[in-house]
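Read off the chains here:
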2 protein chains.
Amino acid sequence: MDKAVARGHKRDRKTGLGMDIEALAEGVLAGERRALARAITLIESGRADHRDAATQLMARLNAADHGREAMRIGLSGTPGVGKSTFIEAFGMMLTARGEAVGVLAVDPSSARSGGSILGDKTRMERLSREPAAFIRPSPAQSHLGGVARRTREAIALLEAAGFGAVLVETVGVGQSETVVAEMTDLFVLLLAPAGGDELQGVKRGIMEMADILLINKADGELQAAATRTCSDYAGALRLLRKRPQDPEGFPKAMTVSAMEETGLARVWDEMTELARWRRESGHWERRRAEQARHWFEAEVREGLLARLGREPVRGAMATLARQVEAGEITAAIAADTLLREYLGG
Amino acid sequence: MDKAVARGHKRDRKTGLGMDIEALAEGVLAGERRALARAITLIESGRADHRDAATQLMARLNAADHGREAMRIGLSGTPGVGKSTFIEAFGMMLTARGEAVGVLAVDPSSARSGGSILGDKTRMERLSREPAAFIRPSPAQSHLGGVARRTREAIALLEAAGFGAVLVETVGVGQSETVVAEMTDLFVLLLAPAGGDELQGVKRGIMEMADILLINKADGELQAAATRTCSDYAGALRLLRKRPQDPEGFPKAMTVSAMEETGLARVWDEMTELARWRRESGHWERRRAEQARHWFEAEVREGLLARLGREPVRGAMATLARQVEAGEITAAIAADTLLREYLGG
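These numbers were taken from a predicted model, which means no experiment stands behind them.

**A closer look at the packing of helix α2 (residues 21–29) of chain B against helix α4 (residues 48–63) of chain B**
Residue and element names in this part refer to chain B. It is at 10 Å that the axes of α2 and α4 come closest, and there the two elements cross at 50°. The pairing of α2 with α4 is recorded here as oblique in orientation. Here α2 runs over α4; the crossing is right-handed. Contacts between α2 and α4 involve I21, E22, L24, A25, E26, V28 and L29 from the first element and A53, Q56, L57, R60 and L61 from the second. When grouped by side-chain class, the residues that make up the contact of α2 with α4 number eight nonpolar, one polar and three charged.

This is the structure:
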């Protein structure tokens, strides 16, 4: 990807992507796929000049005040639960209804495995051929903060391009579910029918985060188990304290079959109903405002801490660390020295 | 405590504690309890001038190159397991052997409850009357980072004052066990005899952190259960992968009775043996060096982020956050503005 960026850079100094920011912004706002793909490549680039251009692009789109809002849907579920099959089936149902669908992923482990949560697009073969769908795997970043920023900006790009739904998938490694919940309007947890009469070992805190629990594989032999599991979870949800952002009946447990493509339209209807209620009650706007503030604060903290990785700070820090290890100076004196002499404080 | 500091401040500008740093350092090095108590009050103070004085004091003690090393012992265990009774009995055993014993606590929740993990000293009535013992409750700080820094400095003070053992107790809220393990030489987990044949729900990761598991209450009716529990844990420990820092037989599970004061000397002997092995193999020194580096890096990060709480940065950040919430500017532009115009970048 960085090679493609570099090639484009020869053509145009401003974005390094063969068009200037103004043209790129207009292309995105017009819903042009080529512009959208280039814009996402730009925001994913780690180069400082690309980052500046990306910041300008996002500012330009924000200033356009397009008023478009996608349904931002966070999706998690343990491996084997059928996430890809669900996303493909759900996406196909939406495109058939005339909604443009974006699929993104937050997978902090993708840098390690060399791949990405979505593997390649062959995992969603039908959806990837759909003109109204846009699938983008998780950027290869080892750092969850970096993946989060790029995903948030990609969501904003898809929204500006007029997408009606953006699905953000996560495998749920470490804090990734919390990060996805913080950038989406609603959170869906995909579950498999339980074998016995016990609830599955859902990670603590995830249940409290979910707006909709979907018990997948409600088909064939597993139909009965799925229905039973769904009613178990519905019972568990009733035990949770009611959250102010929930209308009557939410959080909700439902069964679906991604394979047989049943129950999917009902899921979208419930999402739409939840969104309508939250919009009318003011929760929707408040949540988006809080998310924006949270993101700003995170960007400030990350920007500040990033200075520790740059020279000459990095080198001075390493030297001081060796002196601290050797017991020549205390940690506090060393920290004071670095902050005062190298970090302008 | 801050009142006491303020009163002292009238007498002396340098430390605010009625003596200058040099005299305070000498008092600590001479093992004087009054100097030690004042020094700890100084490092716990949140005032900027006190913090500067504390940093100077710690540097002065470091420069003295006293070569004293306490056995720094981290101790955790769920409420009801008998931590206070154990610390008191263990401390009394050590003072009887001629060792000076310090007891500190890391309890990030103490600010909330208004109290502290150690309550008051009445929880350890005998030990608190012992001239060779020094008990200090957790400083009232809501922030784990702040508690950690003060506890680390208090350990260094007790060490400089010639204490042979420093026990750092934690209730195990959130990350506090990890924080305590990062500032101690060895970690002890105190457990109660299990009712059935199952292991207790020891928090994941804590078991891997422990050097010694102590099954307390090995007395009276619980004697048999304690022995059985101990052998269950010994079996579980054998299943864990051997760590390079462990000699043969470690981590180790042992029974004690804090109430009947049995098994305590054996615990100290095992600790001494473990320390001897780690010193000879170089693990001891390496671990302390790593801890010092870790602490330095944490101080740098905290010092950097603390700038966000000071004016005029704080006010500018609040204003920008409101603009971001209102959608007037993007999070990235707002963060860039703050970093460039208010944080010297």
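**Some thoughts on empty space enclosed by the protein**
A complete count under the given rule lists two cavities of 30 Å³ or more for this structure. Surrounding the largest cavity, B:I40, B:I43, B:E44, B:L104, B:A105, B:R136, B:P137, B:S138, B:P139, B:R150, B:T151 and B:A154 form its lining. When residues of the lining of the largest cavity are traced back to their parent elements, those giving at least two are α3 (33–44), β2 (101–106) and α8 (144–160) of chain B. Considered as a void within the structure, the second largest cavity measures approximately 50 Å³ in volume. Along the walls of the second largest cavity sit A:I40, A:I43, A:E44, A:L104, A:A105, A:R136, A:P137, A:P139, A:R150, A:T151 and A:A154, which together make up its complete lining. Counting residues per element, the ones that place at least two in the lining of the second largest cavity are α3 (33–44), β2 (101–106) and α8 (144–160) of chain A. Looking at the lining of the second largest cavity residue by residue, the classes come out as seven nonpolar, one polar and three charged. No fewer than three residues from each of domain 1 (1–65) and domain 2 (67–280) of chain A sit in the lining of the second largest cavity.

**Digging into the relation of the copies chain A and chain B**
Laying chain A over chain B is done by rotating through 180° and shifting 0.1 Å along the axis; what remains is an RMSD of 0.2 Å. Taken together, the rotation angle and the small translation identify this as a two-fold axis.

**Description of the interface of chain A and chain B**
With 40 residues of chain A in contact, the opposing surface of chain B contributes 40 residues. Buried area between chain A and chain B, summed over both chains or domains, comes out near 3500 Å², and the portion from carbon and sulfur atoms is 73%. When the buried surface of chain A facing chain B is broken down by residue, A:F296, A:L304 and A:E325 rank first, second and third, together holding 19% of it. The tally of links from chain A across to chain B stands at two salt bridges. A salt bridge links B:E325 to A:R293; the shortest N-O distance between them is 2.8 Å. Seen at the junction of chain A and chain B, the total is 10 residue pairs in polar contact (both at pLDDT 80 or more). The set of elements that each furnish at least two residues to the side of chain A that touches chain B consists of α4 (48–63), α13 (283–306), α14 (313–325) and α15 (331–341) of chain A. It is α13(A) that contributes the most residues to the side of chain A that touches chain B, 12 residues altogether. The residue inventory of the side of chain A that touches chain B, partitioned by class, reads 23 nonpolar, eight polar and nine charged.

**Description of the domain arrangement of chain A**
Residues and elements named next belong to chain A. Split by domain assignment, chain A resolves into domain 1 (1–65), domain 2 (67–280) and domain 3 (292–343). The partner domain 2 presents 21 residues to the 19 residues of domain 1 that form the contact. The junction of domain 1 with domain 2 conceals about 1600 Å² of combined surface from both sides, 61% of it contributed by carbon and sulfur atoms. Here domain 1 and domain 2 share two salt bridges between them. The shortest N-O distance in the salt bridge between E44 and R136 comes to 3.4 Å. Among the elements of the structure, α2 (21–29), α3 and α4 are those that each provide at least two residues to the side of domain 1 that touches domain 2. No other element matches the eight residues that α3 contributes to the side of domain 1 that touches domain 2.

**Points about helix α5 (residues 83–96) of chain B**
Residue and element names in this part refer to chain B. The terminal C-alpha atoms of α5 lie 20 Å apart, and with 14 residues this matches the ideal 20 Å at 1.5 Å per residue to within 8%. For α5, a buried count of 12 out of 14 residues is recorded, marking the element as mostly surrounded by other parts of the structure. Along α5, the residues that are buried comprise K83, S84, F86, I87, E88, A89, F90, G91, M92, M93, L94 and T95. One or two residues past the end of α5 sits G98, with phi positive at roughly 95°.

**What to know about the pairing of strand β7 (residues 252–255) of chain B**
The sheet contact formed by strand β6 (residues 212–215) of chain B and β7(B) spans four bridges and is parallel. Paired with B:I212 across the bridge in β7(B) is B:K252.

Conventions and cut-offs
- Residues numbered from 1 in each chain as written.
- Chains lettered and ligands numbered in written order.
- Predicted model: local features only at pLDDT ≥ 70, side-chain atom pairs only at ≥ 80, totals over all residues.
- Heavy atoms only, no water.
- Axes fitted to C-alpha atoms, helices over the stretch in contact; angles between N-to-C directions.
- Helix = DSSP H or I, 4+ residues; strand = E, 2+ residues; numbered from the N terminus.
- Parallel < 35°, antiparallel > 145°, perpendicular 65-115°, else oblique.
- Left-handed = near helix turned anticlockwise from the far one by under 90°.
- Contact = heavy atoms within 4.5 Å.
- Nonpolar A, V, L, I, M, F, W, Y, C, P; charged D, E, K, R; others polar.
- 1 Å grid on protein atoms, 1.4 Å probe; cavity = no way out; pocket = protein on both sides within 12 Å on 5 of 7 lines; lining within 4 Å.
- Points joined across faces, edges and corners; volume = space filled by probe spheres on them.
- Domains from an automatic or database assignment.
- Least-squares fit on C-alpha atoms with pLDDT ≥ 70 in both.
- Buried area = accessible area lost by both parts, 1.4 Å probe.
- Salt bridge = Lys/Arg side-chain N within 4 Å of Asp/Glu carboxyl O.
- Polar contact = N/O pair within 3.5 Å; in protein donor to acceptor, adjacent residues only side chain to side chain.
- Expected span 1.5 Å × (residues − 1).
- Buried < 20%, exposed > 50% of the residue type's maximum accessible area, 1.4 Å probe, protein only.
- Pairing = 2+ DSSP bridges.

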